[in-house]
Amino acid sequence: ATAKHAYQADGDDELTFAKGDKLTILRDAEDEGWYVCVDSKGRQGVAPATHVMQDDSSALGSTTTGSASKGGRTATAKHAYQADGDDELTFAKGDKLTILRDAEDEGWYVCVDSKGRQGVAPATHVMQDDSSALGSTTTGS
């Protein structure tokens, strides 16, 4: 796998890496939206799935398929959102999110943020980073 974005570890169990670094994904981490990885220097830790791009099609939940696989689809917050309930996700404009699937309520996605927190987010506030959008609302900006 290749690091799509640089990441600074926020805890002892996390892995710090630079954009373009080669990582080996060992498995999905216990927290959804994270992988257990080893870098080229042999250091092991967890990395946010939003920052890691699979290099081949045999990948765990590849983020390039556009399907609602375990890896999800990468997205960027178009607007800040303050959670209004326990099941919702709070995020700032520009935050990177991973869309896991459509939520049960129309117009909402189940997402994971870069810290591994999971919740629902309004589709109007989230823009998918690739062209494999599923009926997303990409009107006006």
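Below, the structure is looked at part by part. Everything numeric here is computed off the predicted structure, so don't read it as measured data.

So, how was this worked out
- Residues numbered from 1 in each chain as written.
- Predicted model: local features only at pLDDT ≥ 70, side-chain atom pairs only at ≥ 80, totals over all residues.
- Heavy atoms only, no water.
- Patch = residues over 30% accessible without salt bridge, like charges linked within 9 Å, V, L, I, M, F, W, Y side chains within 5 Å.
- Areas by Shrake-Rupley, 256 points an atom, 1.4 Å probe, with all protein chains shown as cover.
- Salt bridge = Lys/Arg side-chain N within 4 Å of Asp/Glu carboxyl O.
- Lys, Arg positive; Asp, Glu negative; His and termini not counted.
- Charge placed at Lys NZ, Arg CZ, Asp CG, Glu CD.
- Helix = DSSP H or I, 4+ residues; strand = E, 2+ residues; numbered from the N terminus.
- Buried < 20%, exposed > 50% of the residue type's maximum accessible area, 1.4 Å probe, protein only.
- Contact = heavy atoms within 4.5 Å.
- Pairing = 2+ DSSP bridges.
- Core = buried A, V, L, I, M, F, W, Y, C linked by side-chain atoms within 4.5 Å.

1. Observations regarding a negative patch on the surface
Next up, step 1: Together, D12, D13, E30 and D31 make up a region of like negative charge exposed at the surface.
Next up, step 2: Tracing the sequence through the fold places D13 in the loop between β1 (2-3) and β2 (23-28).
Next up, step 3: Of the residues examined, D13 reaches a relative accessible area of 51% and is grouped as exposed.

2. Regarding the pattern of salt bridges
Next up, step 1: As enumerated under the stated definition, the model contains three salt bridges in all.
Next up, step 2: The salt bridge partner of D129 is K96, with a shortest N-O separation of 3.5 Å. Residue D129 is found in the segment after β10 (126-128), and its partner K96 is found in strand β7 (residues 96-102); the two are separated by 33 residues along the sequence.
Next up, step 3: Between R117 and D113 there is a salt bridge; the shortest N-O distance is 2.7 Å.
Next up, step 4: For R117, a relative accessible area of 48% gives the class partly exposed.
Next up, step 5: According to the relative accessible area criterion, D113 is buried, its value standing at 5%.

3. Points about the side chain of T74
Next up, step 1: By secondary structure assignment, the location of T74 is in strand β6 (residues 73-77).
Next up, step 2: When neighbours within four sequence positions are excluded, T74 is seen to be in contact with K4, T50, L97, Q128 and D129.

4. With respect to the environment of W108
Next up, step 1: Here W108 is to be found in strand β8 (residues 108-113).
Next up, step 2: Excluding residues within four positions of it along the chain, W108 makes contact with Y81, E88, D102, A103, V120, A121, P122 and A123.

5. With respect to the pairing of β2
Next up, step 1: Looking at chain direction, β2 and strand β3 (residues 34-39) are connected through five bridges and run antiparallel. Its bridge partner being in β3, T24 is matched across the sheet by V38.
Next up, step 2: Here β2 folds back onto β3, and the loop between the two strands holds five residues, one of which, G33, carries a positive phi near 90 degrees.

6. Let's talk about the nonpolar core
Next up, step 1: F17, L23, I25, Y35, C37 and V52 are the most contacted members of the largest nonpolar core, which has 16 residues in total.
Next up, step 2: For this core, the secondary-structure elements that each account for two or more residues are β2, β3 and β4 (44-48).
Next up, step 3: The dominant element in this core, judged by the number of residues it contributes, is β3, at four residues.
Next up, step 4: A77, L89, I99 and A123 belong to the second-largest nonpolar core, a separate cluster that totals 12 residues.

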